[in-house]
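Each chain, written out:
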Amino acid sequence: MKKNVLRALAASGVTAAAVLGAAGTASADHVNNPKPSGPPWSESQDGLTYCFAGYCESWDKTDNYVCTTGAPTALVCDAIMVGVRLLPPLNIGDLVPHNVIR
């Protein structure tokens with residue numbers, strides 16, 4: 001249990017560093033990407049991720065689009081979403097440089 005908490009904290013630290021580092025090198029603009037509604041999309045239990053045909057689109061807790069897994073930057077997106085899930089409601093979506101991390 002203690003190791004899982006430490007891993008989660010480390011992942012959120014890496015997430016923050018990745019987002020802030022990327023934001024310093026690319027423009028981070030607001031992306032108005034609406035959440036999918038209904039089939040064929042399946043919603044995650046926490047309502048932050050919607051998946052269909054191997055692609056998952058994710059939003060932060062303030063309903064701002066964050067990223068898509070299944071893209072070349074899927075590992076970065078997954079890491080960012082670990083931080084989104086661990087942190088309180090923050091506008092993470094506007095910090096993500098969508099011209100680099102889709």
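Residues numbered from 1 in each chain as written. Predicted model: local features only at pLDDT ≥ 70, side-chain atom pairs only at ≥ 80, totals over all residues. Heavy atoms only, no water.

**Things to note about the confidence of the model for the protein**
In the predicted model, the protein carries a mean pLDDT of 76, and the fraction of residues at 70 or more is 66%. Contacts from residues 22–26, a stretch scored under 50 in pLDDT, to residues over four places away or in other chains number seven contacts. (pLDDT = per-residue confidence, 0-100. Contact = heavy atoms within 4.5 Å.)

**So, the packing of aromatic side chains**
Using the criterion set out here, one finds three aromatic pairs in the structure. Between the aromatic rings of Trp 41 and Phe 52, the centroid separation amounts to 5.8 Å while the plane-to-plane angle is 50 degrees, which identifies the pairing as tilted. Taken together, the positions of Trp 41 in the loop between α1 (2–25) and β1 (42–43) and Phe 52 in strand β2 (residues 49–52) put the pair 11 residues apart, joining distant regions of the chain. A ring pair is formed by Tyr 50 and Trp 59, whose centres lie 5.7 Å apart and whose planes are at 90 degrees; its orientation type is edge-to-face. The class of Tyr 50 is buried, set by a relative accessible area of 9%. The rings of Tyr 50, Trp 59 and Tyr 65 are connected pair by pair, giving a single aromatic cluster. (Phe/Tyr/Trp six-rings, centres within 6.5 Å; stacked < 30°, edge-to-face > 60°. Helix = DSSP H or I, 4+ residues; strand = E, 2+ residues; numbered from the N terminus. Buried < 20%, exposed > 50% of the residue type's maximum accessible area, 1.4 Å probe, protein only.)

**Regarding the nonpolar core**
Judged by nonpolar contacts, Leu 48, Val 66, Cys 67, Cys 77, Ile 80, Met 81, Val 84, Ile 92 and Val 96 together constitute the single largest core of nine residues. Broken down by secondary-structure element, the contributors of at least two residues to this core are β4 (65–69) and α2 (74–86). Top contributing element to this core by residue count: α2, with four residues. Contact partners of Leu 48, with chain neighbours within four places excluded, come to Glu 57, Ser 58, Trp 59, Asp 60, Lys 61, Met 81, Val 84 and Arg 85. (Core = buried A, V, L, I, M, F, W, Y, C linked by side-chain atoms within 4.5 Å.)

**What about the pattern of salt bridges?**
Under the criterion given, the structure shown has two salt bridges. Across the pair Lys 35 and Asp 63 runs a salt bridge whose closest N-O atoms are separated by 2.8 Å. Of this pair, Lys 35 sits in the loop between α1 and β1 while Asp 63 is found in the loop between β3 (55–59) and β4, placing the two residues 28 residues apart along the sequence. Here Lys 35 falls in the partly exposed class, since its relative accessible area comes to 29%. (Salt bridge = Lys/Arg side-chain N within 4 Å of Asp/Glu carboxyl O.)

**Some words on the state of the cysteines**
As enumerated under the stated definition, the model contains two disulfides in all. One disulfide in the model links Cys 51 with Cys 56; its S-S distance is 2.0 Å. Judged by the sign of its S-S torsion, about 110 degrees, the bond between Cys 51 and Cys 56 is right-handed. With relative accessibility at 16%, the residue Cys 56 sits in the buried group. Here Cys 67 is linked by a disulfide to Cys 77, with a sulfur-sulfur distance of 1.9 Å. (Disulfide = S-S within 2.5 Å.)

**Structural notes on the pairing of β2**
Looking along a regular strand, one sees side chains alternate from face to face of the sheet. Relative to β2, β1 is paired through two bridges, and the arrangement is antiparallel. Note on β2: the bridge partner recorded for Ser 42 is Cys 51. Taking the residues that link successive antiparallel strands as the turn, the β1-β2 hairpin has five residues, and the phi of Gly 47 there is positive, at about 75 degrees. When β2 meets β3, the two strands line up antiparallel, connected through four bridges. Of the residues in β3, the one forming a bridge with Thr 49 is Ser 58. Adjacent in sequence and paired antiparallel, β2 and β3 are bridged by two residues, among which Ala 53 carries a positive phi angle near 55 degrees. (Pairing = 2+ DSSP bridges.)

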